[in-house]
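Tertiary structure, described
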Amino acid sequence: MSRRIVVAGAVSFYTQVGIQEFPVRYAPTWAPRWLETGVSGAAGHIARVLRALGDDVRLCSVVGRDAAGAAITAELGRERLLGPGIVEGSASSSGVTLVTPDGRRMGFPHLAPVNGVTYPWDLFASQAQEADLLVMTNAKFVRDLVRPAARLGVPIAVDVHLITDLGDAYNLPWLESAEIIFCSHECLPVSPSLWVERLFDRYPRCRVAGIGLGGQGALAATREGTLIRVEAVTPREVVNTLGAGDALFGTFLHVWAATEDPIRALQAAVVHAGWKIGHRAPVSASLTCEELSALKNASMPPTVIGRWGT
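Residues numbered from 1 in each chain as written. Predicted model: local features only at pLDDT ≥ 70, side-chain atom pairs only at ≥ 80, totals over all residues. Heavy atoms only, no water.

The number of helices and strands found in the protein is ten helices and 14 strands. The C-alpha atoms of the protein give 18 Å as radius of gyration, which agrees with the globular expectation for 310 residues (19 Å, within 12%). Here the C-alpha coordinates of the protein stretch approximately 55 × 45 × 40 Å along the principal axes. Taken across its 310 residues, the protein has 52% of its residues classed as buried. For the protein, restricting intrachain contacts to residue pairs at least 6 apart in sequence, the fraction spanning at least 24 positions comes to 68%. Taken as a whole, the protein presents about 13400 Å² of accessible surface, with 51% of it coming from carbon and sulfur. (Helix = DSSP H or I, 4+ residues; strand = E, 2+ residues; numbered from the N terminus. Rg over C-alpha atoms; globule rule 2.2 N^0.38 Å. Buried < 20%, exposed > 50% of the residue type's maximum accessible area, 1.4 Å probe, protein only. Contact = heavy atoms within 4.5 Å. Areas by Shrake-Rupley, 256 points an atom, 1.4 Å probe, with all protein chains shown as cover.)

What follows is the structure, encoded as structure tokens:
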């Protein structure tokens, strides 16, 4: 069954460049191993994942009156994601990602053109009508919408990405308001299992916590005490890990919204993310629900289920 999901955040025009190694050694000019361009950004990627999986997605973002904006608008139109939630700004967000042969990436997001935009609350509220879930990324122009959105009675989900402190001032509106909170393991000051325990203790609204573990897979926990660890699977050769966390998050939300089964949701999320990173431009490659189900059956990731706080 399709769910109506609002996704708010940045949609950016990205150039992805295949390089030989990090650090990049200086040369006046060099030819990349490969180069891909297209629409990315956390909200853009999550929206594409959910749309491919069959959800009714309402995308709320800012697209500029520039060449990048024209390209973004055209691609969103092809993906059936161009709707009234897209507002016009003076310029678009963009970025560059460098990718080594083993798939490691270094991103250069340029969000300044949209950071100062005030997204209209009335427009967001209208898009949120009859929604089953609000995915509110931690883009700057989304921040002022979060606390009012929490009063709409619709569950909020967020991925706060690289976080080091549960009291992080910038992310506080999301941490206080979201029922589903994901993040990356890369900057956590404690173990993932201890992090989720402290998260639940500090933020009573949170029902589900998830942590992307990179090449080690992912972890998720529920307030009731269930702790799930799913090992990574890579059905194809790893080419580009850009957006793996967004793929993990978006896929988890799709399955969770349909089933409220965190085990199935995390398994599907790990499989989809592992498949996507086998593509030069992972954002542009998403599986349908049927394709993901078949791949999951063929590449079921090792899963351990336990309890946190014990």
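Let us keep going from here.
Another point: the sheet that holds strand S1 (residues 4-8). Pairing is mixed across the open sheet formed by ten strands, whose spatial order is S5-S4-S1-S8-S9-S10-S11-S12-S13-S14. Across the chains shown, the open sheet's two edge strands, defined by having one partner strand only, are strand S5 (86-89) and strand S14 (303-307). Here the strands of the sheet are splayed against their neighbours by 15° on average, with no regard to which way each runs. Bridge count for strand S13 (residues 226-230) against S14 is five bridges, and the pairing is antiparallel. Residue Leu227 lies in a different strand from S14, and its bridge partner there is Gly306. In the packing of helix H2 (residues 67-78) onto the sheet, contacts are made with strand S4 (56-64) and S5, and the angle to S4 comes to roughly 170°. (Pairing = 2+ DSSP bridges. Axes fitted to C-alpha atoms, helices over the stretch in contact; angles between N-to-C directions.)

Glancing now at the layout of surface pockets. In this structure, the second largest pocket spans a volume of roughly 230 Å³. Looking at the lining of the second largest pocket, the elements that each hand over two or more residues are helix H8 (244-259), helix H9 (262-276) and helix H10 (289-298). The element that contributes the greatest number of residues to the lining of the second largest pocket is H10, accounting for five residues. (1 Å grid on protein atoms, 1.4 Å probe; cavity = no way out; pocket = protein on both sides within 12 Å on 5 of 7 lines; lining within 4 Å. Points joined across faces, edges and corners; volume = space filled by probe spheres on them.)

Turning to the sheet that holds strand S3 (residues 35-40), a few remarks are in order. Overall, mixed pairing links the four strands, which are arranged S3-S2-S6-S7 in an open sheet. What marks the edges here is a single partner per strand, and that holds for S3 and strand S7 (105-110). The sheet shows a mean angle of 20° between the axes of neighbouring strands, taken without regard to direction. Relative to S7, strand S6 (residues 94-99) is paired through six bridges, and the arrangement is antiparallel. By the bridge assignment, Thr97 is partnered in S7 with Gly107.

A word on the packing of aromatic side chains. All chains considered together, the criterion is met by seven aromatic pairs. For the ring pair Phe182 and Phe252, a centre distance of 5.0 Å and an interplane angle of 55° mean the geometry is tilted. Here Phe182 is found in strand S10 (residues 180-184), whereas its partner Phe252 is found in helix H8, with 70 residues between them in sequence. As far as burial versus exposure is concerned, Phe182 and Phe252 are alike and both buried. Ring pairing ties together the aromatic residues Phe182, Phe249, Phe252 and Trp256, which thus form one cluster. If you follow Arg236 out to its NZ or CZ, it ends over the ring of Trp275, 4.3 Å from the centre. (Phe/Tyr/Trp six-rings, centres within 6.5 Å; stacked < 30°, edge-to-face > 60°. Lys NZ or Arg CZ within 6 Å of the ring centre and 35° of its normal.)

For the structure shown, the criterion picks out twelve salt bridges. Ionic pairing is found between Glu21 and Arg25, a salt bridge with its closest N-O pair at 2.5 Å. You can call Arg25 exposed: its relative accessible area is 64%. Between Glu179 and Arg207 there is a salt bridge, and its shortest N-O distance comes to 3.6 Å. Here Arg207 lies in the loop between helix H7 (192-202) and strand S11 (208-212) and Glu179 lies in the loop between helix H6 (172-177) and S10, a separation of 28 residues in the sequence. Glu179 gets classed as partly exposed once you look at its relative accessible area, which sits at 21%. (Salt bridge = Lys/Arg side-chain N within 4 Å of Asp/Glu carboxyl O.)

Here the focus is H8. Taking 1.5 Å per residue, 16 residues should reach 22 Å; H8 reaches 22 Å between its end C-alpha atoms and fits that length. Three or more residues of H8 are buried, namely Asp246, Ala247, Leu248, Phe249, Gly250, Thr251, Phe252, Leu253, His254, Val255 and Trp256. Where H8 terminates, the next one or two residues include Glu260, which has phi positive at roughly 55°. (Expected span 1.5 Å × (residues − 1).)

With respect to the secondary-structure elements, Thr97 resides in strand S6. Those residues in contact with Thr97 that sit more than four places away from it in its chain are Tyr14, Thr15, Gln16, Val17, Arg105, Met106, Gly107 and Leu242.

Of note, the amide linkage connecting Phe22 to Pro23 takes the cis form, showing an omega dihedral of -5°. The residue Pro23 is located in the loop between strand S2 (12-18) and S3 in this model. A positive phi angle, close to 60°, is found at Arg80, a residue other than glycine. In this structure, Arg80 sits in the loop between H2 and S5. One non-glycine residue, His161, adopts positive backbone phi at about 60°.

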